[in-house]
2 protein chains.
Amino acid sequence: MKIGELAKETGVSTHTLRYYEKIGLIDTATKDASGHRNYGAFELDLINWVVCLKKSGMPLEKIKTYVAAFKTGDANNMREMLEAHLVKLHKQQADIEHYLDVTERKLASLKKSTTH
Amino acid sequence: MKIGELAKETGVSTHTLRYYEKIGLIDTATKDASGHRNYGAFELDLINWVVCLKKSGMPLEKIKTYVAAFKTGDANNMREMLEAHLVKLHKQQADIEHYLDVTERKLASLKKSTTH
DNA sequence: TGTTGACTTAGAGTATACTCTAACTTGTTA
DNA sequence: TAACAAGTTAGAGTATACTCTAAGTCAACA
């Protein structure tokens, strides 16, 4: 799989994929005969997981640490990070519930005041 | 209420409050005899609402638009924005549910592989 | 009255995460 | 074989949102 296809599959632009390589978030890709990056299922999974972490609010530096723990097989560290991440996700869930509540009440009072 | 107290009440730093004023997100505060910004319940509510929108992922530019609609009394625009925001919040809720699921499964498989 | 802490301004600096440009090479199709 | 799309690099530029600095003013207390 070339970089353009990986970009399509993951929704991450080719620019960003090269950027992730540059900052050391992902390993330097192996290159084919013509010097083009070559990716497989492993990279596809990795990028999708990175996207999942990033979208749930983890900064790239922390994702980098997680990926590094994965690469060195540091399961303890990985488990710790995932557990901390779960806690954050649960907090986000509660926060959003609260924001939904506040927004819904705001909207309701807005509708009320404009119909009278 | 002076800027330091508003900062304490809202959790937004004095630097950031002045920044919000500078970018036009909030109006230039009235000043007391010694030139210090003076805030009341209205500003406290406004900043708390801004924090709520910001924390639920709305960029400052959009918040600015909302606040502007509020100032001009454009209830239609406000309602539209709030409804769009609710949709986004519901999407976020679903996303987080998904991320929780993925993370929990990741953690479970990690624990499994390290205990055997 | 002196010192401490909070306030003021304009403007510079920082952090995060891209995003784009220029100049070039390679692969595929008409 | 010409042209066009997609790949390569190093490095510059952008967007968002702060965050801090310098130099000064003001208010309250010992």
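Residues numbered from 1 in each chain as written. Chains lettered and ligands numbered in written order. Predicted model: local features only at pLDDT ≥ 70, side-chain atom pairs only at ≥ 80, totals over all residues. Heavy atoms only, no water.

A short note on the packing of aromatic side chains
Note the cut-off: Side-chain rings of Phe, Tyr and Trp, where Trp is taken by its six-membered ring, are said to pair if the distance between their centres is within 6.5 Å; with planes under 30 degrees apart they count as stacked, over 60 as edge-to-face, and otherwise as tilted. Starting at the N terminus, helices and strands are each numbered in turn, a helix being any DSSP run of H or I of at least four residues and a strand any DSSP run of E of at least two. Per-residue accessibility, obtained with a 1.4 Å probe over protein chains only, is compared with the maximum for each type, and a residue is labelled buried under 20%, exposed over 50%, and partly exposed between these values. Charge-over-ring contacts are defined here by two conditions on Lys NZ or Arg CZ: a distance within 6 Å of the ring centre and an angle within 35 degrees of the ring normal.
A full pass over the atoms with the stated rule returns six aromatic pairs over all chains. Residues A:W49 and A:Y66 carry aromatic rings whose centres are separated by 6.0 Å and whose planes lie at 65° to one another, so their mutual orientation is edge-to-face. Here A:Y66 lies in helix α4 (residues 60–71) and A:W49 lies in helix α3 (residues 41–55), a separation of 17 residues in the sequence. A relative accessible area of 6% places A:W49 in the buried class. Here the basic side chain of A:K106 rests over the ring of B:W49, its NZ or CZ set 4.4 Å away from the ring centre.

So, the protein's contact with DNA strand D
Note the cut-off: We call a residue near a given molecule or strand whenever any one of its heavy atoms falls within 4 Å of it. Between N or O atoms, a polar contact is any pair within 3.5 Å; within protein, one atom must be a potential hydrogen donor and the other a potential acceptor, and residues adjacent in sequence are included only when both atoms are from side chains. Under the scheme applied, nonpolar residues are Ala, Val, Leu, Ile, Met, Phe, Trp, Tyr, Cys and Pro; charged residues are Asp, Glu, Lys and Arg; polar residues are all the others, including Gly.
Contacts to DNA strand D come from 17 residues, most closely from A:G4, A:R18, A:R37, B:Y20 and B:S34. At the protein interface, 74% of the atoms of DNA strand D within 4 Å belong to sugar or phosphate. Between A:R18 and DNA strand D, the recorded distance is 2.9 Å, taken from a side-chain N or O atom to a phosphate oxygen. A distance of 3.1 Å is found between a phosphate oxygen of DNA strand D and a backbone nitrogen or oxygen belonging to B:L60. Among the secondary structure elements, those contributing two or more residues to the surface near DNA strand D are α1 (3–10) and α2 (14–22) of chain A together with α2 (14–22) of chain B. Here the element with the most residues in the surface near DNA strand D is α2(B); it accounts for four residues. When its residues are assigned to classes, the surface near DNA strand D shows five nonpolar, six polar and six charged.

Details of the relation of the copies chain A and chain B
Heads up, the rule is: Overlaid copies result from least-squares superposition on C-alpha atoms, with residues included only where pLDDT is at least 70 in both. In what follows, a contact means two residues having at least one pair of non-hydrogen atoms within 4.5 Å.
With an axial shift of 0.0 Å and an RMSD of 0.1 Å, the rotation relating chain A to chain B amounts to 180°. Here the transformation between the copies is reduced to the relation of a two-fold axis. Within chain A, the C-alpha atom positioned nearest to the axis of rotation is that of A:Q93, 3.3 Å from it. In this assembly the copies share their binding face: 100% of the residues contributing to the interface of chain A also contribute to that of chain B.

What to know about the protein's contact with DNA strand C
Not every one of the 17 residues close to DNA strand C is listed here, only the nearest: A:Y20, A:S34, B:G4, B:R18 and B:R37. Protein-proximal atoms of DNA strand C, defined as those within 4 Å of the protein, fall in sugar or phosphate at a share of 74%. B:G4 is positioned with one of its backbone polar atoms (N or O) 2.9 Å from a phosphate oxygen of DNA strand C. Within the contact set of DNA strand C, a phosphate oxygen lies 3.1 Å away from a side-chain nitrogen or oxygen of B:K31. Within the residue set of the surface near DNA strand C, elements represented by two or more residues are α2 of chain A together with α1 (3–10) and α2 of chain B. Looking at the surface near DNA strand C element by element, the count peaks at four residues for α2(A).

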